[in-house]
There are 2 protein chains.
Amino acid sequence: MKEIISMKNTMVKEIKKLRIKKHREAQERYLIEGFHLIEEAIQANAEVEWVLLSQRGLEEWSEWISEQEDDRFIFVTEEILTSLSDLPTPQGMLAVVKMPKTEETLSYSGRWLLLDNVQDPGNVGTMIRTADAVGMTGVILGEGCSDIYSTKVLRAMQGSNYHLPIVRHPLAEAVEQFKQNNVPVYGTELNKAAVSYQELPKKEAYALIMGNEGQGVSAELLSLVDHSVYIPIIGEAESLNVAIAAGVLMYHLLPF
Amino acid sequence: MKEIISMKNTMVKEIKKLRIKKHREAQERYLIEGFHLIEEAIQANAEVEWVLLSQRGLEEWSEWISEQEDDRFIFVTEEILTSLSDLPTPQGMLAVVKMPKTEETLSYSGRWLLLDNVQDPGNVGTMIRTADAVGMTGVILGEGCSDIYSTKVLRAMQGSNYHLPIVRHPLAEAVEQFKQNNVPVYGTELNKAAVSYQELPKKEAYALIMGNEGQGVSAELLSLVDHSVYIPIIGEAESLNVAIAAGVLMYHLLPF
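- Under the annotation held in an unreviewed UniProt entry, chain A carries the name 23S rRNA methyltransferase and is attributed to Enterococcus termitis.
- Reading the Sequence similarities (unreviewed entry) entry of the UniProt record for chain A gives the comment "Belongs to the class IV-like SAM-binding methyltransferase superfamily. RNA methyltransferase TrmH family."

Below you can see the structure in the form of structure tokens.
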């Protein structure tokens, strides 16, 4: 196994930059942390470039490591690993993964989740994980959404980015395409003049738009949708967390 | 309005300690941050002891502040406010609130959410916010749950702690009480031998147990419940986030 023991190593410096979006885009790579995500990436045949292991990681996953016979493994000091991690207690294992080169294609059929300006990384990641669980066809990210290659989104996705297509695309354009294909488009609103989700029929194909944490779905997009939908609030809460709302809606709309 | 301009002020030092659970419990007070939460606390007649405002906060909410005629307001420097905040961009407004003295009483009737060893503050807070939205009777926190007076839980709850009872109580004992009162108790499991939630009838009264992020509900509690329930996973995700699962279940079980 290769070894890096100097904090000044050029590769270490380049990898550290991957914590910043601009550098991820320039290097076309991202960082994932912890055994679970790395195992998911390898199983999904993602282009894992390097797996960095500290003594702690080597000891904890020795059996799995020996099964891999992998020349992408590099031993690093705990100091290096900690400097690359953004966890309070690093897990001893980090990987550098190349971003997929081919843009996923949009089919405009099936069940799609559309995210409009969702800013919290935990919300973006959790909604993608839920979309995966519900067997959605894919996820479309419009303007203003959190970068899916940030460590917080990657952690919340739990590997779901390897399971379903996630496409960046202007939402207004996508909505028009769905409508042309007779796929109903639902926007979510707090407005009680909207239709309660309980009245929506279960659907084999639909596009569901979830919006920004504070402002909701943009007025422009809401003017394009087939139905504005709301989830009734029975108690005193002003609203639901957007990821919770998305989960309730996607499970309700399941066609079986 | 009173003024504090020294970082060495004793009151500032005491308030800073409230970021640590041990000190919150000793002082029987907690910190909330930002206009929205403070407004919720005042509206709910929580015992707001002090509201600290920096120049920024004074300017942003001047109208609201002038309407309050409140001698609990204290002007502090931006430096002091920033030192007390745990946000990257402090909002210029913090409040010290006394913990409620009287323990909420448990009714063992109606709809209850029980949290077993849920450790992530965002998950605990979001589930309490959702329980509020669904109009649950209350929430019971068992062993190992994140402290609801930590700033992260308070932020995720969005004031729902002022809307419904949140009680610390041993869950095994609570489950026995619910059963004695003929209130069905549901535990959540990934096990497909469990009942799919879609088969559960809507209920006026039930207790729903959600478990730890990694381990789920403890085996001991699962052995006591009336039904183990699971949410079908259609895609490749291994599991749902616990707060998403709780949202799907509570909305499904709504009796209307």
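1. Regarding the interface of chain B and chain A
Now for step 1: Contacts between the two partners involve 31 residues from chain B and, on the opposite side, 31 residues from chain A.
Now for step 2: Carbon and sulfur atoms supply 60% of the area that chain B and chain A bury against each other, a total of about 2500 Å² over both sides.
Now for step 3: When residues of chain B are sorted by the area they lose upon contact with chain A, B:Ile234, B:Ile244 and B:Tyr251 head the list and together hold 24% of the total.
Now for step 4: Where chain B packs against chain A, one counts zero salt bridges.
Now for step 5: Broken down by secondary-structure element, the contributors of at least two residues to the side of chain B that touches chain A are α3 (35-43), α7 (121-133) and α11 (242-253) of chain B.
Now for step 6: Its residues assigned to classes, the side of chain B that touches chain A comprises 15 nonpolar, eleven polar and five charged.

2. As for unusual backbone geometry
Now for step 1: If you check the backbone angles, A:Glu28 has positive phi at about 55° while not being a glycine.
Now for step 2: You can see A:Glu28 is positioned in the loop between α2 (21-27) and β2 (29-33).

3. Describing the domain arrangement of chain A
Residue and element names in this part refer to chain A.
Now for step 1: By domain assignment, chain A separates into domain 1 (2-98) and domain 2 (111-253).
Now for step 2: A separation of 32 Å is found between the C-alpha centroids of domain 1 and domain 2.
Now for step 3: Listed per partner, the contact involves 14 residues of domain 1 and eleven residues of domain 2.
Now for step 4: Between domain 1 and domain 2 the total buried area reaches about 1100 Å² when both faces are included, carbon and sulfur atoms providing 57% of it.

4. Points about the sheet that holds strand β1 (residues 2-4) of chain A
Residues and elements named next belong to chain A.
Now for step 1: If you walk across this open sheet you meet the five strands as β1-β4-β3-β5-β2, and the pairing is mixed. Whereas interior strands pair on both sides, the edge strands pair on one side only; in this sheet they are β1 and β2. Shown here is a sheet whose adjacent strand axes are inclined to one another by a mean of 25°, direction ignored.
Now for step 2: Here five bridges tie β2 to strand β5 (residues 93-98), and the two strands are oriented antiparallel to one another. Considered in β5, the bridge of Arg 29 is made with Lys 98.

5. Regarding the pairing of strand β4 (residues 73-76) of chain A
Side-chain direction in a regular strand flips from residue to residue, so the side chains alternate between the two faces of the sheet.
Residue and element names in this part refer to chain A.
Now for step 1: Neither face of β4 is left uncovered, since the one carrying Phe 73 and Phe 75 and the one carrying Ile 74 and Val 76 both have all their residues buried.
Now for step 2: Pairing of strand β3 (residues 48-53) with β4 involves three bridges; the strand directions are parallel. Bridging across to β4, Val 51 finds its partner in Phe 73.

6. Comments concerning the relation of the copies chain B and chain A
Now for step 1: It takes a turn of 180° to lay chain B on chain A, together with a shift of 0.0 Å along the axis; the resulting RMSD is 0.0 Å. Taken together, the rotation angle and the small translation identify this as a two-fold axis.
Now for step 2: A share of 100% of interface residues in chain B that are also interface residues in chain A marks the association as one of identical surfaces.

7. As for the UniProt feature "domain: RNA 2-O ribose methyltransferase substrate binding" (unreviewed entry) in chain A
Now for step 1: Per the UniProt annotation, the sites labelled "domain: RNA 2-O ribose methyltransferase substrate binding" (unreviewed entry) are residues 31-103 of chain A.
Now for step 2: The straight-line gap between the two end C-alpha atoms of residues 31-103 of chain A is 19 Å; of that span, 40% is helix and 26% is strand.

Cut-offs used in this document
- Residues numbered from 1 in each chain as written.
- Chains lettered and ligands numbered in written order.
- Predicted model: local features only at pLDDT ≥ 70, side-chain atom pairs only at ≥ 80, totals over all residues.
- Heavy atoms only, no water.
- UniProt positions renumbered as here; feature names shortened; annotations may be inferred.
- Contact = heavy atoms within 4.5 Å.
- Buried area = accessible area lost by both parts, 1.4 Å probe.
- Salt bridge = Lys/Arg side-chain N within 4 Å of Asp/Glu carboxyl O.
- Helix = DSSP H or I, 4+ residues; strand = E, 2+ residues; numbered from the N terminus.
- Nonpolar A, V, L, I, M, F, W, Y, C, P; charged D, E, K, R; others polar.
- Domains from an automatic or database assignment.
- Pairing = 2+ DSSP bridges.
- Axes fitted to C-alpha atoms, helices over the stretch in contact; angles between N-to-C directions.
- Buried < 20%, exposed > 50% of the residue type's maximum accessible area, 1.4 Å probe, protein only.
- Least-squares fit on C-alpha atoms with pLDDT ≥ 70 in both.

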